[in-house]
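As a plain string of letters, each chain reads:
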Amino acid sequence: MFFSYNWLQSFFKQKLPKPEKLVEILEMHLFEIEDLKKKNNDWVFDIDVLTNRLCDCGGHIGMAREIGAILKIKYNIKNITVVREKNLDTKDFLEIEVQDKDLCPRYSATIIMGVKVKDSPLWMQERLISCGLQPINNIVDATNYIMLETGQPLHAFDFDKISSDIKNKNKKKIIVRCARDGEKIITLEGKKYDLSKDILLIADSDGPLALAGIKGGKKAEITNDTVNIILESANFKNSSIYKTSKKLDLKTDASLRFSAGFDPNMTEFAINRLVGLIQEVAGGKVAKNLIDFYPQKLFPKNIKINLDYIQSLLGVKISQKEVINILKSLDFKIKDSKSKILNIEVPTFRQDISIEEDIIEEIGRIYGYTNITPSLPKVKINLPIQNQQFIYQKESRKFFKEFKFLEVLNYSFLKEGWETFFSKENLIEMEKPLSANTRYLRPSLIPNLVENIIYNQRYQKDLSFFEIGRIFYKKGQNLIESIYIGGATTGANIFFELKGILELFFKNFGISKFSFEPLNKNSEFFGKSFLNLKRSSEIRIKNLTIGLLGELNQKIYFDNGLKDPVYVFEINFDEFAKFIFPKIKYQPLPKYPEVSRDISIICHKDTPAGKIIKIINNAGKKLIKDIQLFDIYEKDNKKTLSFHIIYQSKKRSLSSEDVALIEKDIIKAIEKYQDFQVKRIFD
């Protein structure tokens, strides 16, 4: 948008800074300056006025107001004198009808009789040319001049070319209405446009006179033969003008301003200045009594601001006196300033101001952001709350990768065929599955892990996969969703190797009280009946079953072409995480030495090793530090379990006699439980 330096200077008695310096000032306080050019005896600023500021900065008066506020100098608007004829009344010659007050909130009009159309004065032509407009004649140039001065678009019609009111032939009638389907208009440039019902028009009883808020029509054009004129200063709904401009691909200075939204209180101010200017450059008799359709007036907003909040928001203390001076220089009114709470009346042309922070932004902008000393804010910084579940999952991934497990990410569905291994009432079925392989949500991670083994065994023999993901199942009427960690690995006789990895996994998270027990038919894991295993156990922490471990049955091997045994595990990670000790506990090194002994127990092949370990621990009188199962031998219906037991006391060194007494108690406890044969192995 173009602004003339000489025109801006006319609002001030003091000399403005040089154009180059003024560019720097405006860019620091107001808008970006796209270009500065010398044109004849003038300098022209191409200022990028933001859309929300077109209402107050779309004319030279608004820009002068901003410059005066920034430079702390007073701007003055030149008075224009209007002489109105007492015997000539606008209402005797003109009638205005607005059919939709929402699309046209205000319409002001007056008439001037006996004007002389000619070239406009040289000073006016120079200012119009500086701002990118070509002079046409003194009437049209005057409407453009006042638009560039105030920002308010205006229009002039040839009074004698407008049709009379049907009911009263002595009056001309202007109708503000929407177009009818099939109507056409020829604009001032001679271009024809087809109109539709959503386009707002200025019309008379015969048809369109102008595209409201955009462009005048050819019918009532001002020519050298024009003697009597009607002046229009109106306000139109911004969205209507914007849509029409887009639809017709017709952009003008008027449509740009109206599309952004304009102050309806500006129409009277602008038309009065236009009347005075036309009387000055074209003569004529001005009728009294302006016709003004304004059914719903727009009143100024009142906003309260807190001086302490200004300091808090801007980071600098600005005195009350300076705050008031800044706001007054922007034409804000101070209604109450007796306390730290100021009551501010916002002028209606500042439609971008709606809340307290908007006013504080204006204060900071005029005060100058360069005058605000940068300082670090004094705030209390709280450390973010850690997502422990995420950390535990990350540590789990790291752990299994160190044991050469590869992580996989599978879909949350159950591949076709696997649903037969689950209880149907526990499965969650999709309402509209995309395929047979997406019919059910997975109730376990293991089926997909086994599928990973099946697919990859053609390329590699020894495979180990793990996954951390969500499983879904029904428990009565409740839908359960939990995070699980599961794994699958191939190899011969590696059940205890996988069990040892899981023991280390638990201890890695500070969990020492866990056990591997025979699979309980009442636990939720027993429902996963595909684990009809040769070896199986459920994993417990403090009598809570949180997982299972086992070898897949042979039916699954043969049906899916598995060549090697597959061992699997699955742990409810949500429950597992509840027992994790997030902090490492340190304790002093033991003062007294360890004593180790090995024993072997011959028992029935179905006897669980975990049960025997419990018996040994209970009989050890808290002197057993650790028990390790290091060998299993099976023959017929018997098996031999060999344990490595470490004894240690916190109070004294244990002698061989002390250990022998404990061993006797252990053997008695084992023999009492079942008819075992216990054999002592000496190192």
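Basis of the calculations
- Residues numbered from 1 in each chain as written.
- Predicted model: local features only at pLDDT ≥ 70, side-chain atom pairs only at ≥ 80, totals over all residues.
- Heavy atoms only, no water.
- Helix = DSSP H or I, 4+ residues; strand = E, 2+ residues; numbered from the N terminus.
- Buried < 20%, exposed > 50% of the residue type's maximum accessible area, 1.4 Å probe, protein only.
- Lys, Arg positive; Asp, Glu negative; His and termini not counted.
- Salt bridge = Lys/Arg side-chain N within 4 Å of Asp/Glu carboxyl O.
- Polar contact = N/O pair within 3.5 Å; in protein donor to acceptor, adjacent residues only side chain to side chain.
- Contact = heavy atoms within 4.5 Å.
- Core = buried A, V, L, I, M, F, W, Y, C linked by side-chain atoms within 4.5 Å.
- Patch = residues over 30% accessible without salt bridge, like charges linked within 9 Å, V, L, I, M, F, W, Y side chains within 5 Å.
- Areas by Shrake-Rupley, 256 points an atom, 1.4 Å probe, with all protein chains shown as cover.
- Charge placed at Lys NZ, Arg CZ, Asp CG, Glu CD.
- Expected span 1.5 Å × (residues − 1).
- Pairing = 2+ DSSP bridges.
- Phe/Tyr/Trp six-rings, centres within 6.5 Å; stacked < 30°, edge-to-face > 60°.
- Lys NZ or Arg CZ within 6 Å of the ring centre and 35° of its normal.

Caption draft 1: Inspection of the side chain of Asp-358 at higher detail. In this fold, Asp-358 is placed in helix α13 (residues 356-367). Although Asp-358 lies buried, it forms no salt bridge, and the closest oppositely charged side chain, Lys-301, sits 7.2 Å away as judged by the N-O distance. Looking at Asp-358, its side chain comes within polar contact range of the main-chain nitrogen of Ser-354, at 2.9 Å. If sequence neighbours within four positions are ignored, Asp-358 has contacts with Asp-352 and Ile-353.

Caption draft 2: The nonpolar core, seen in detail. If you look at the biggest cluster of nonpolar residues, it comprises 79 residues, and the most contacted ones within it are Met-63 and Ile-278. Sort the elements by how many residues they give to this core and helix α10 (residues 266-282) lands first, with eight residues. For Ile-278, the contacting residues outside a window of four places in its chain are Ile-112, Val-115, Ile-139, Ala-142, Ile-229, Leu-231 and Gly-283. Formed by 41 residues, the second largest nonpolar core is a distinct cluster that contains Ala-109, Ile-174, Leu-250 and Phe-258.

Caption draft 3: Structural view of a negative patch on the surface. Residues Glu-27, Glu-32, Glu-34 and Asp-48 make up a contiguous surface patch of negative charge. Inspection of the secondary structure puts Glu-34 in strand β2 (residues 33-39).

Caption draft 4: Structural context of α13. In this model, α13 (twelve residues) spans 17 Å end to end at C-alpha, consistent with the 16 Å of a helix rising 1.5 Å per residue. In terms of burial, α13 is a largely internal element, ten of the twelve residues being buried. Within α13, burial applies to Glu-356, Asp-358, Ile-359, Ile-360, Glu-362, Ile-363, Gly-364, Arg-365, Ile-366 and Tyr-367. Buried residues along α13 sit against α2 (19-29), α4 (60-71), β17 (301-306), α11 (307-314), α12 (320-329) and β19 (341-346). At the C-terminal side of α13, Gly-368 shows a positive phi close to 105 degrees.

Caption draft 5: Expanded view of the pairing of strand β6 (residues 106-113). With eight of its eight residues buried, β6 lies for the most part within the structure. What you see with β6 is no split at all: Arg-106, Ser-108, Thr-110 and Ile-112 on one side and Tyr-107, Ala-109, Ile-111 and Met-113 on the other are buried throughout. Relative to strand β16 (residues 291-293), β6 runs antiparallel, the two being bridged by three bridges. For Tyr-107, the partnering residue across the bridge sits in β16 and is Phe-293. Inspection of the sheet shows β6 paired to strand β15 (residues 285-288) by two bridges, in the antiparallel sense.

Caption draft 6: Representation of the sheet that holds strand β12 (residues 208-211) in the model. In space, the five strands of this open sheet follow the order β5-β8-β11-β12-β13, with mixed pairing throughout. Single-partner strands in this sheet number two, and they are β5 (94-98) and β13 (215-216). Of the pairings in the sheet, the one linking strand β11 (residues 200-203) to β12 comprises three bridges and is antiparallel in character. Its bridge partner lying in β12, Ile-202 is registered against Ala-210.

Caption draft 7: Just the packing of aromatic side chains, in detail. Throughout the structure, instances matching the rule amount to 24 aromatic pairs. Look at Trp-418 and Phe-421: their rings are 5.6 Å apart centre to centre, the planes differ by 50 degrees, and that puts the pair in the tilted class. Measuring from ring centre to ring centre gives 6.2 Å for Tyr-455 and Tyr-459, while their planes differ by 65 degrees; the resulting arrangement is edge-to-face. Overall, the relative accessible area of 57% leaves Tyr-459 in the exposed class. Sitting over the ring of Phe-159, Lys-172 keeps its end group 5.4 Å from the ring centre. Against the face of Tyr-455 rests Arg-458, its NZ or CZ located 4.4 Å from the ring centre.

Caption draft 8: Layout of the pattern of salt bridges. Going through the model one piece at a time under the given rule, you end up with 38 salt bridges. A salt bridge links Arg-53 to Asp-56; the shortest N-O distance between them is 2.7 Å. By relative accessible area, Arg-53 is classed as buried at 5%. Relative accessible area serves as the criterion here: at 5%, Asp-56 is assigned to the buried category. With a shortest N-O distance of 3.0 Å, Asp-331 and Arg-65 are connected by a salt bridge. Here Arg-65 lies in helix α4 and Asp-331 lies in the loop between α12 and β18 (333-336), a separation of 266 residues in the sequence. Judged by relative accessible area, Arg-65 falls into the buried class, the value being 7%. One salt-bridge network, held together by shared partners, links Arg-53, Asp-56, Glu-66, Arg-350, Asp-352, Glu-362 and Arg-365.

So yeah, pure geometry; function would need other evidence.
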